[in-house]
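Each chain, letter by letter, is given below.
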Protein chains: 2
Amino acid sequence: MTEQEQPVADVFSAACSSRPVLQHLTGRWGALAMVALDRAEGPVRFGELRRRVEGISDRMLSQTLGQLERDGMVHRTVHSSIPPHVEYTLTELGARVAGPLAELIELLEAELPTVMDAQAAYEAAS
Amino acid sequence: MTEQEQPVADVFSAACSSRPVLQHLTGRWGALAMVALDRAEGPVRFGELRRRVEGISDRMLSQTLGQLERDGMVHRTVHSSIPPHVEYTLTELGARVAGPLAELIELLEAELPTVMDAQAAYEAAS
DNA sequence: CCGTATCCTTAACGATACTG
DNA sequence: CAGTATCGTTAAGGATACGG
């Protein structure tokens, strides 16, 4: 049987359930958290993640990870001990989603000079 | 000469200029606008774009396109006539950036059932 | 150590009205 | 048609303090 994967979802449709999921991934911190986990290639602790994603607050990291966990992108493992020890990893789906996000970020980092030039040209024209 | 492209940019650094650029692309409407332009494969007018990106307001579309134009992702062509006629296309850089964004969106649309299942499981566990 | 709770400030956003 | 201006509302985000 050659089943056709036919997406019923359309993110361009306003009411589609995929919209919030996209928001979580492309929100202020979503992509950074995902790619940080992707680059780690192994479990990462909360504090370590906060250090990697510079500028994020406890509150935002917690909230972002919560959304991603709910969406099935991130797996959370709690080792009940004192002090507590919590590890985050990407799920199988999360790893696949992280791919394009990592590409985007790498492309952007490599092409930042191009962007800066464009910005300068834009300012000059206005 | 085999020049090594060595990115000086690091999006994980809080003050890096790449951060705002990433914001524009992964903000609420950035990715949707980029991929809508990518799928069009040709010039798209303002009104057409607004129709394609369901739910976006005049104000947000204008602002989003302005940011993307400033970042060198989108090219804007004004045909001075009455009524006005303005066309948007991706720049060469924009087209390359749109690639990963399109991948992300397609993956998300295809895997939405997986995400919905994860959400249901999450609710059940709490 | 890993968060949550609370409060507060900012900015994102949408609706409406208006202009070239 | 393609926006901009203004206004009001909402939601996102940061700071701080505290709990398991």
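Residues numbered from 1 in each chain as written. Chains lettered and ligands numbered in written order. Predicted model: local features only at pLDDT ≥ 70, side-chain atom pairs only at ≥ 80, totals over all residues. Heavy atoms only, no water.

A. Here's a closer look at the pattern of salt bridges. Tallying each qualifying case throughout the model produces twelve salt bridges over all chains. With its nearest N and O atoms 2.1 Å apart, the salt bridge here joins Arg70 of chain A to Glu123 of chain B. Here Arg70 of chain A, found in helix H4 (residues 58-70), pairs with Glu123 of chain B, found in helix H6 (residues 112-125), and the two come from separate chains. Arg96 of chain A is the salt-bridge partner of Glu92 of chain A, the closest N and O atoms lying 3.2 Å from each other. One end of the pair, Glu92 of chain A, and the other, Arg96 of chain A, are both in helix H5 (residues 92-110), four residues apart, so they sit about a helical turn from each other. When its relative accessible area of 56% is taken as the criterion, Glu92 of chain A is described as exposed. Here the salt bridges do not stand alone but share partners, grouping Glu48, Arg51 and Arg52 of chain A into one network. (Salt bridge = Lys/Arg side-chain N within 4 Å of Asp/Glu carboxyl O. Helix = DSSP H or I, 4+ residues; strand = E, 2+ residues; numbered from the N terminus. Buried < 20%, exposed > 50% of the residue type's maximum accessible area, 1.4 Å probe, protein only.)

B. Quick peek at the environment of Ala40 of chain B. Inspection of the secondary structure assignment puts Ala40 of chain B in helix H2 (residues 30-40). For Ala40 of chain B, a relative accessible area of 24% gives the class partly exposed.

C. Structural view of the packing of H5 of chain A against helix H5 (residues 92-110) of chain B. It is at 9 Å that the axes of H5 of chain A and H5 of chain B come closest, and there the two elements cross at 165°. In this view, H5 of chain A runs roughly antiparallel relative to H5 of chain B, as classed from their interaxial angle. Crossing of H5 of chain A against H5 of chain B: the hand is left-handed. Within the contact between the two elements, H5 of chain A uses Arg96, Val97, Pro100, Leu101, Glu103, Leu104, Leu107 and Leu108 of chain A and H5 of chain B uses Arg96, Val97, Pro100, Leu101, Glu103, Leu104, Leu107 and Leu108 of chain B. Along the lines of polarity and charge, the residues of the contact of H5 of chain A with H5 of chain B split into twelve nonpolar, no polar and four charged. (Axes fitted to C-alpha atoms, helices over the stretch in contact; angles between N-to-C directions. Parallel < 35°, antiparallel > 145°, perpendicular 65-115°, else oblique. Left-handed = near helix turned anticlockwise from the far one by under 90°. Contact = heavy atoms within 4.5 Å. Nonpolar A, V, L, I, M, F, W, Y, C, P; charged D, E, K, R; others polar.)

D. Region of the structure containing the sheet that holds strand S3 (residues 85-90) of chain A. Residue and element names in this part refer to chain A. Strand order in the open sheet formed by three strands is S1-S3-S2, with antiparallel pairing between adjacent strands. In this open sheet, the two strands that pair with only one neighbour each are strand S1 (44-45) and strand S2 (74-79). Pairing between S2 and S3: six bridges, direction antiparallel. Opposite Arg76, over in S3, you have Tyr88 as the bridge partner. Running at roughly 95° to S3, helix H2 (residues 30-40) makes contact with S1, S2 and S3 of the sheet. (Pairing = 2+ DSSP bridges.)

E. Geometry of the environment of Val11 of chain B. Relative to the helices and strands, Val11 of chain B is located in the segment before helix H1 (18-26). Linking Val11 of chain B and Leu22 of chain B, residues eleven residues apart in sequence, is a C-alpha distance of 8.2 Å. Beyond its immediate stretch of four places on either side in the chain, Val11 of chain B contacts Leu32, Ile105 and Glu109 of chain A together with Cys16, Ser18, Arg19 and Leu22 of chain B.

F. The sheet that holds strand S1 (residues 44-45) of chain B, seen in detail. Residues and elements named next belong to chain B. Taking strand neighbours across the sheet as the criterion, the three strands line up as S1-S3-S2 in an open arrangement whose pairing is antiparallel. Here the strands that pair on one side only, and so sit at the sheet edges, are S1 and strand S2 (74-79). In the sheet, S1 pairs with strand S3 (residues 85-90) via two bridges, with the strands oriented antiparallel. Paired with Val44 across the strands is Tyr88, a residue of S3. Each of S1, S2 and S3 touches H2; the most contacted strand, S3, lies at about 95° to it.

G. Spatial organisation of the protein's contact with DNA strand D. Neighbouring DNA strand D are 17 residues, the closest being Pro84 of chain A together with Arg45, Ser62, Arg76 and Tyr88 of chain B. Arg76 of chain B is positioned such that a nitrogen or oxygen atom in its side chain is 2.7 Å from a phosphate oxygen of DNA strand D. In the model, a phosphate oxygen of DNA strand D is placed 2.6 Å from a nitrogen or oxygen of the Tyr88 of chain B side chain. Those elements that place two or more of their residues in the surface near DNA strand D are H4 of chain A together with helix H3 (46-52), helix H4 (58-70) and S3 of chain B. The element contributing the most residues to the surface near DNA strand D is H4 of chain B, with three residues. Split by residue class, the surface near DNA strand D holds eight nonpolar, three polar and six charged. (Near = heavy atom within 4 Å. Polar contact = N/O pair within 3.5 Å; in protein donor to acceptor, adjacent residues only side chain to side chain.)

H. Structural detail: the nonpolar core. If you look at the biggest cluster of nonpolar residues, it comprises 76 residues, and the most contacted ones within it are Met73 of chain A together with Met73 of chain B. Residue contacts for Met73 of chain B: discarding those within four places in its chain leaves Leu108 and Val115 of chain A together with Val21, Leu25, Met34, Leu68, Thr89, Leu90, Thr91, Leu93, Gly94 and Val97 of chain B. (Core = buried A, V, L, I, M, F, W, Y, C linked by side-chain atoms within 4.5 Å.)

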